[in-house]
Amino acid sequence: RMSGAPEEGKEKAGKAPKTQRLRALLPDLAALVRPRKGMLAAGFVLMAVGRAAGLVLPASTKVLIDDVVGKSRSDLLLPLLAAVAAATLVQAATSFTLTQVLSKGAQRLIAELRTKLQAHVTRLPVAYFDGQKTGNLVSRVMNDVEGIRNLVGTGIVEMVGGLVTAVLALAVMATLSPALTGLTLLFLSFFGAGLFAAFGVLRPVFRERAKIYGEVSGRLNETFAGIRVVKGYHGEKREAEVFAEGVSRILANVLKTITGMSSLSVASTVLLGSVGVVVMWFGTRQILAGTLTVGG
């Protein structure tokens, strides 16, 4: 929200707890979601069907290895391939439909909110514009509403879809081998805790980047728009220094995020390798003991 509130009020609002800020936004979020609840409901149904279909291919390998190959049941091969092909078509169709329904709906909402935000900003008092850079305002009007697609677009559906897939996969894994499932969850719990801590550090850095980029691009926009005034007062050197300082701030922010993301990449690689070693070790021992099949 943009308003002409004093700086002190904005500082107090910025220091409010996250839960309090979220509670204050709930009525606005509900007002955005309510007219589109039918679209979201359809999206969740499509997501559930697509995620269930996506599990057919990995699940089919157990039947292929244990029954078709292990027991020479060639009569099961064609039905198994037909099931995999049908599931693939269903998954592709639901993915395409989901994107068409939710992504287009979210983009229409973004266009509507941009229009409303522009109209709101132009009605603010002149005193508000005295303390704002034109380019920064333009950047915020055009970019701030982009995040709404995570609420009514594919973002929230993909998040819930990931949880659904995880729960279904966990149930299948637990039936195959509770021991391996428990060990995998142990590794994932450590990785999840580290991921939560890492994004607690990286999220403010990404927000700061958007703010810095808006300030720098706003100053640059004003420099080019008023280039005659800049040249008239021989301010080229000053503007170059200000721009260089802004670019340096952007660079420092980007380098910080690169370090953080590369650390996450290293952690995920180590996690996958560790889980692979554990699965190979304990899985092989369970196969030799007869408590787990090769396909499982």
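Undergrad: I'd like a rundown of the pattern of salt bridges, residues and numbers included.
TA: The final tally for this structure, using the stated rule, is 6 salt bridges. A salt bridge links Asp 75 to Arg 73; its shortest N-O distance comes to 3.1 Å. Since its relative accessible area comes to 36%, Arg 73 is described here as partly exposed. When the shortest N-O distance is used, the salt bridge between Lys 231 and Glu 236 registers 3.8 Å.

Undergrad: Please provide a residue-by-residue account of unusual backbone geometry, values included.
TA: Positive phi is not limited to glycine here, since Ser 72 has a value of about 55°. As for its position among the elements, Ser 72 is in the loop between helix H4 (56-69) and helix H5 (77-122).

Undergrad: With reference to specific residues and values, describe helix H3 (residues 37-54).
TA: The end-to-end C-alpha distance of H3, which contains 18 residues, comes to 25 Å, matching closely the 26 Å that a straight helix rising 1.5 Å per residue would cover. Every buried residue belonging to H3 is among Met 39, Leu 40, Gly 43, Met 47, Gly 50 and Ala 53, and all of these are buried. Buried residues of H3 fall within an arc of 145° about the axis and therefore sit on the same side. Facing away from the buried side of H3 by over 90 degrees, the exposed positions are Lys 37 and Val 45.

Undergrad: Break down the packing of H4 against H5 for me, citing the residues and quoting the values.
TA: As a packed pair, H4 and H5 sit with axes 10 Å apart at the nearest point and diverge in direction by 175°. In terms of orientation, H4 lies roughly antiparallel with respect to H5. Contacts from Val 56, Leu 57, Ser 60, Val 63, Leu 64 and Val 68 of H4 reach H5 at Leu 77, Leu 80, Ala 83, Val 84 and Ala 87.

Undergrad: If you had to explain the nonpolar core to someone new, which residues and values would you point to?
TA: If you look at soluble globular proteins, the nonpolar side chains tend to sit buried side by side. The biggest cluster of nonpolar side chains holds 9 residues, and these are Leu 32, Leu 109, Ile 110, Leu 113, Leu 117, Val 121, Val 141, Val 145 and Ile 148. Among the elements that line this core, the one with the most residues is H5, at 5 residues. Sequence-distant contacts of Val 145, defined by excluding residues within four places in its chain, comprise Ile 110, Leu 113, Arg 114 and Leu 117. The next biggest cluster of nonpolar side chains, apart from the first, holds 6 residues, and it includes Met 39, Met 47, Leu 102 and Val 157.

Undergrad: Tell me about helix H12 (residues 236-289), and please be specific about residues and values.
TA: Between its terminal C-alpha atoms H12 stretches 78 Å, which fits the 80 Å expected from 54 residues at 1.5 Å a residue. Count one or two residues on from H12 and you reach Gly 290, which has phi positive near 85°.

Procedures and definitions
- Residues numbered from 1 in each chain as written.
- Predicted model: local features only at pLDDT ≥ 70, side-chain atom pairs only at ≥ 80, totals over all residues.
- Heavy atoms only, no water.
- Salt bridge = Lys/Arg side-chain N within 4 Å of Asp/Glu carboxyl O.
- Buried < 20%, exposed > 50% of the residue type's maximum accessible area, 1.4 Å probe, protein only.
- Helix = DSSP H or I, 4+ residues; strand = E, 2+ residues; numbered from the N terminus.
- Expected span 1.5 Å × (residues − 1).
- Arc of directions from axis to C-beta.
- Axes fitted to C-alpha atoms, helices over the stretch in contact; angles between N-to-C directions.
- Parallel < 35°, antiparallel > 145°, perpendicular 65-115°, else oblique.
- Contact = heavy atoms within 4.5 Å.
- Core = buried A, V, L, I, M, F, W, Y, C linked by side-chain atoms within 4.5 Å.

That is the geometry; function is a separate question.
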